[in-house]
Every structure is written in C-alpha cells, then in structure tokens.
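Structural features, examined
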Amino acid sequence: MRIILIFISAALINNFVLTYFLGLCPFLGVSKRFDTAVNMGLATTFVTTLTAVTTWLIQHYILERYNLLFLQNVTFIIAIAGLVQLVEMFIRKTSIALYRSLGIYLPLITTNCIVLGLALFAALRDYTFVESVFFGAGAGVGFTIALIIMSGIREELEFADVPEVLKGAPITLLMAGMLALAFMGFAGLLSV
Amino acid sequence: MHLLGSAFVISILAMGGLGFGFAVMLAIASKKFAVEEDPMVEKILGCLPGTNCGACGYAGCIALAEELVGKSAPVNACVAGGQDVADAVASALGAERMEAKRMIAVVLCRGGEAETARGAAYRGDRTCAAANITGGEKNCAYSCMGYGDCVDACKFESMAMNSNGLPVVFYDRCVGCGACARACPRDIIEMHPEDRRLFVFCKNKDRGAQAKKDCKVSCIACGLCVKDCEVPGAIELKDNLAVINHDICPQNDVPTRRCPTKCILFGEPEKMTSEAGQPAGLAGGWQARASNSGRL
C-alpha cells in the first residue's frame, strides 16, 4: 500500500515539475511536439528509475557503511551521468531519428534537477529499496504526464490566435503556470 | 591522524571504485551500441543551410547530406543554398562542380483589396488554408485570400504582406525553397527559374465577364496576348485563362502590350512587383507580418 501511495504521490500530488518546479528546462524545451514529448518522458522515466536503484545501492552499501555521506552529491552525480550516457548510446543505436529530435535535451537529463532531486529525497526520507524504486518510477511518470499535457496544449496553441506580444516563451510559461494551478488540486489528497 | 588517513583512503577507494565501475559499464555499452556513422555526412551537413526547408525533395538537410554522400543526389541538389552551397558540397565531396539553377517564387495574383469585389464576411481562423474551405471573402474563387500562409511558411523572412493584402517576395532574399508555393491552398505562388520574365498574373478560370466583375486585374481570356506572341502556341487559352509555355515563349514584352487588364506582365522580378503597384524592397509602408522565427 505504501508503495502505491509513494508512486502516486511522486507522479501526481507532489509532481516534480508542477509542484516542486524541478526539471523545467526539458519541460519547456521538449514539449513542442507530442511524440517527442512522449519519448523524452520515457527516456527520463528510465533514467529516474535506474537512478533510484543505483543511488539507493550507493547510499546504503557505500556511503552509510563507510561514513562517506559527505560524498553523497558527487557519487550521485557520477551515477546519474553514467546512466544518462548509457541511455544516450542506447537511443542512438535504436532510433537515430529520436536521438536527433531529442537533441541537446538528451544529455541534459544529466543535469535534470528531477533526477538528482529524487535521489536526494529518497535518501533523506529513508525509503527502502522497493519504495525507492517506485519513487523513482513515479517521479519519471509524473514528469512524463506533465510533458504530455504540455505538448498537447502547445500543439493546440499552434492553431490558436495568440496575441503578438505573448507568442513564444511568454504564452508557454503562462500555460505552465496554469497547469501548476491545476495540479494544486491534488494537494492534500494524501501525504507521503 | 589515523582517522583522517583512513577517511582519505576510503573516499579515494569509493570514488575511484565507482568511477571505475561506471567506466567499465560504459566501455562495454559503447562497444555493444556502437553506431557506424560516416564522418562525411557531418561534413556535408555543415555545408548545407540547415533550415530543413525541404525544397530538395528530401526529408531535411540530414537526409540530403546522406544522399549526397551516397552520390544519389547531384551536388546542386540544395535549392535554397544556390551556387555557394553547390560549390562547397562539390569540393567537400571531391566531385565536379555544377551550375546551381536559382529558383524564385512568383505570386501570380494581383487582386488585392483595392482590385477585387467582396461578397462575404469571414470570421474563422485567419489562415488561407481554413478560409479556403468556405471560399474566403473575395468573390474570385481563384485569388489570393490574403491571410498570409505563405508569409508564415517562409523560413528565410523573404515575404511579407503589403498594405493591399497581397504577399510580396523580396527577391534579394528569396532562396527558392518553395515553402510558400506549397503553403498556398490555391496554387497562386509558383516556382520559376529566375531568368523567366513573362508571367500571367491571374488564375481566374471564370468567363471574361464574370472575371472582370470579380476583379479589375483578372484575365478575361480576350486572347490578345495569344495573337501578339511571336511564337505561335507559346501562349494558349485554357479554361478562360492565358497560359504561357515558358519553354518556348520568347522573353519579351510583345504579348503584354495590348492586355486590357494588365494581368500579363514582363519585367525583372523587382519590376514585376513594382508594376503590380508595389514598391520594391522593405520600404513603402509594408505591413510585415511577424516572421515564423519567433513562433512556438
């Protein structure tokens, strides 16, 4: 039960993008087209889940055992960078078109605050291994949901009569703000 | 001292071990997921404009670069790039240089707001594609609707709508990619080699009386240009419209002299726009629409 709650909490109620405002750069950068957004979401979900696994192992079997908590940030970042590199190679091998459409945002998953954020949150809240994995997957799914909603809105926006001054970044940020408002509706549903 | 020493050693071992572990993992992965990529493609891609305009007929600049490296596209395949790009590609590939034929967009309608009769109000989406479904505001069903789909489609900022509601091409900037021609739902914009000078600026296929009623500068199919043209058959009347066969038609102003509506014109591209009542260049109070570069 707790696992499910953690998952839903990370995906919806405490959505990393829309309530914590983490990972806004790919949220705005890769949400222009629906299918690219879906793929970016899946790639990020893959990275967040693997990161949750790896950082939990590092946290419990290396950092805590040898009293090396001062190395937490450095080791987590190494782990994340390595995993993103792995995903990048994999996507390049499987779909060169996807690799090109994600462009610079693919390696930028390395510095996506969601990924490091979830690793630090999981360590801070003392999640068990399974909880940590579901937390990571939930964070990724939440990011994917936000990205998909945003790309849907932005594709519709292409046909809308947007006032000249709001075209481009302003209207996108306005939409992001309204989405955040909508996600506020989930707040207080449960607290994990 | 001993504690400090052990913390040092353990830190170094932990970081080193982690780094080593990831390095091994990535080394294995890079072998497993290795992608063969011709460095030539990257080099050719650098020669191309990179706007992915699609005028060459391929999916984008990357697709064209791959075709060029594979020798299945001629070195002058990039329409937008012109001679400079053709030369750069040829020298990068070590192939023989070829002449690039410059294409330009020609707007074959002069029926602006001042010339045309209007019989309907249109309150829908302000795009030609949408307005064309109901027929737009102008009576002429073949004319420019004036909502600027072509201007939005232009990636090179070489088109704008003038104060008369007609699109104008800036020929110093037009690269001939044809995006505007594809965007026009009524096929008013055509791509032509830049040395062509003689055009019929009308697409109206209605009978003369009706065409004249709808638009002051329409082709009424009187046939004077057909008679006056020095090469018989170079200009023909098809569906109440004079059509020029550019391959055989002589490039002079003989057919234009007696045109009663001045819809067939001869001149330089700039002159063609100025004869159509528009000043050439950016000056003259043109209402340039926002370019697509700043859009979502």
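Residues numbered from 1 in each chain as written. Chains lettered and ligands numbered in written order. Predicted model: local features only at pLDDT ≥ 70, side-chain atom pairs only at ≥ 80, totals over all residues. Heavy atoms only, no water.

With that settled, the discussion passes to the overall build of chain A. Helix and strand content of chain A: 8 helices and 0 strands. In sequence order, chain A lays out its α and β elements as α-α-α-α-α-α-α-α. Here chain A holds 192 residues, and the buried ones make up 46% of them. In chain A, the share of contacts with a sequence separation of at least 24, taken over all contacts with a separation of at least 6, comes to 77%. With an accessible surface of roughly 8,900 Å², chain A has 70% of that area assigned to carbon and sulfur atoms. (Helix = DSSP H or I, 4+ residues; strand = E, 2+ residues; numbered from the N terminus. Buried < 20%, exposed > 50% of the residue type's maximum accessible area, 1.4 Å probe, protein only. Contact = heavy atoms within 4.5 Å. Areas by Shrake-Rupley, 256 points an atom, 1.4 Å probe, with all protein chains shown as cover.)

One finds Phe16, Leu18, Phe27, Ile109 and Phe135 of chain A to be the most contacted residues of the largest nonpolar core, which totals 40 residues. Of all elements in the fold, only helix H1 (2-13), helix H3 (34-63), helix H4 (72-94), helix H5 (96-102), helix H6 (113-124), helix H7 (129-157) and helix H8 (169-184) of chain A reach the threshold of two or more residues within this core. The dominant element in this core, judged by the number of residues it contributes, is H7 of chain A, at 7 residues. Not counting chain neighbours up to four residues away, the residues in contact with Leu18 of chain A comprise Phe27, Ala146, Ala176, Leu179, Ala180 and Phe183 of chain A. Cys144, Cys177, Ile188 and Phe201 of chain B belong to the second largest nonpolar core, which has 30 residues in total. (Core = buried A, V, L, I, M, F, W, Y, C linked by side-chain atoms within 4.5 Å.)

A few words on the pattern of salt bridges. Residue and element names in this part refer to chain B. Counted under the stated rule, the structure contains 9 salt bridges over all chains. Measuring nitrogen to oxygen at the nearest pair gives 3.7 Å for the salt bridge that ties Glu113 to Arg118. Across the pair Arg257 and Asp253 runs a salt bridge, and its minimum N-O distance is 3.1 Å. You can call Arg257 exposed: its relative accessible area is 55%. (Salt bridge = Lys/Arg side-chain N within 4 Å of Asp/Glu carboxyl O.)

Our next topic: the pairing of strand E7 (residues 241-244) of chain B. All names here are of chain B. Examined bridge by bridge, strand E6 (residues 235-238) and E7 share 4 bridges and lie antiparallel to one another. When the bridges of E7 are listed, Glu236 appears paired with Val243. Where E6 hands over to E7, the hairpin turn is made up of 2 residues, of which Asp239 adopts a positive phi near 50°. (Pairing = 2+ DSSP bridges.)

A few words on the packing of aromatic side chains. All names here are of chain A. Tallying each qualifying case throughout the model produces 12 aromatic pairs over all chains. Ring centres 6.4 Å apart and planes at 80° place the aromatic pair Phe7 and Phe134 in the edge-to-face group. Of this pair, Phe7 sits in helix H1 while Phe134 sits in helix H7, placing them 127 residues apart in sequence. Note on Phe16 and Tyr20: the rings are 5.7 Å apart at their centroids and 80° apart in plane angle, and the pair reads as edge-to-face. (Phe/Tyr/Trp six-rings, centres within 6.5 Å; stacked < 30°, edge-to-face > 60°.)

Atom-level detail of predicted coordinates should not be read off regions where pLDDT is low. Looking at chain A, the pLDDT average stands at 89 and 99% of residues meet or exceed 70. Per-residue pLDDT, averaged within each element of chain A, yields its smallest value for H5 of chain A (80) and its largest for H7 of chain A (94). (pLDDT = per-residue confidence, 0-100.)

Residues at a pLDDT of 70 or more form 89% of chain B, whose mean pLDDT is 81. Counting contacts from residues 274-296 of chain B, a segment whose pLDDT is below 50, to residues more than four positions away or on other chains yields 48 contacts.

Here the focus is the interface of chain A and chain B. In this complex, chain A contributes 30 residues to the contact, which on the side of chain B involves 22 residues. When chain A packs against chain B, the two sides together hide about 2,300 Å² of surface, and 74% of this comes from carbon and sulfur. On the chain A side of the interface with chain B, the three residues burying the most area are Met89, Lys93 and Arg100 of chain A, jointly 21% of the side's total. Taken together, the connections running from chain A to chain B amount to 0 salt bridges. Applying the counting rule to chain A against chain B returns 1 residue pair in polar contact (both at pLDDT 80 or more). Tallying contributions element by element places H4 of chain A first for the side of chain A that touches chain B, with 11 residues. Of the residues assigned to the side of chain A that touches chain B, the class counts are 16 nonpolar, 6 polar and 8 charged. (Buried area = accessible area lost by both parts, 1.4 Å probe. Polar contact = N/O pair within 3.5 Å; in protein donor to acceptor, adjacent residues only side chain to side chain. Nonpolar A, V, L, I, M, F, W, Y, C, P; charged D, E, K, R; others polar.)

Negative phi values dominate among residues other than glycine, just as trans dominates among peptide bonds. The phi angle at Phe21 of chain A is positive, at roughly 60°, despite the residue not being glycine. Position of Phe21 of chain A relative to the elements: it lies in the loop between H1 and helix H2 (24-29). Given the relative accessible area of 47%, Phe21 of chain A is considered partly exposed. Positive phi, normally seen in glycine, also occurs at Asn240 of chain B, with a value near 60°.

Right, let's get into the side chain of Lys138 of chain B. All names here are of chain B. By the secondary structure assignment, Lys138 is in the loop between helix H5 (128-134) and helix H6 (149-153). Among buried Asp, Glu, Lys and Arg side chains, Lys138 stands out as unpaired, with Glu113 the closest opposite charge at 6.0 Å. A distance of 3.0 Å separates the side chain of Lys138 from the backbone oxygen of Gly111, its partner in a polar contact. Excluding anything up to four places from it in sequence, Lys138 contacts Gly111, Gly112, Thr116, Ala117, Arg118, Ser143 and Cys144. (Lys, Arg positive; Asp, Glu negative; His and termini not counted.)

A separate point is the environment of Ile6 of chain A. With respect to the helices and strands, Ile6 of chain A occurs in helix H1. Residue classification places Ile6 of chain A among the buried positions, given a relative accessible area of 1%.

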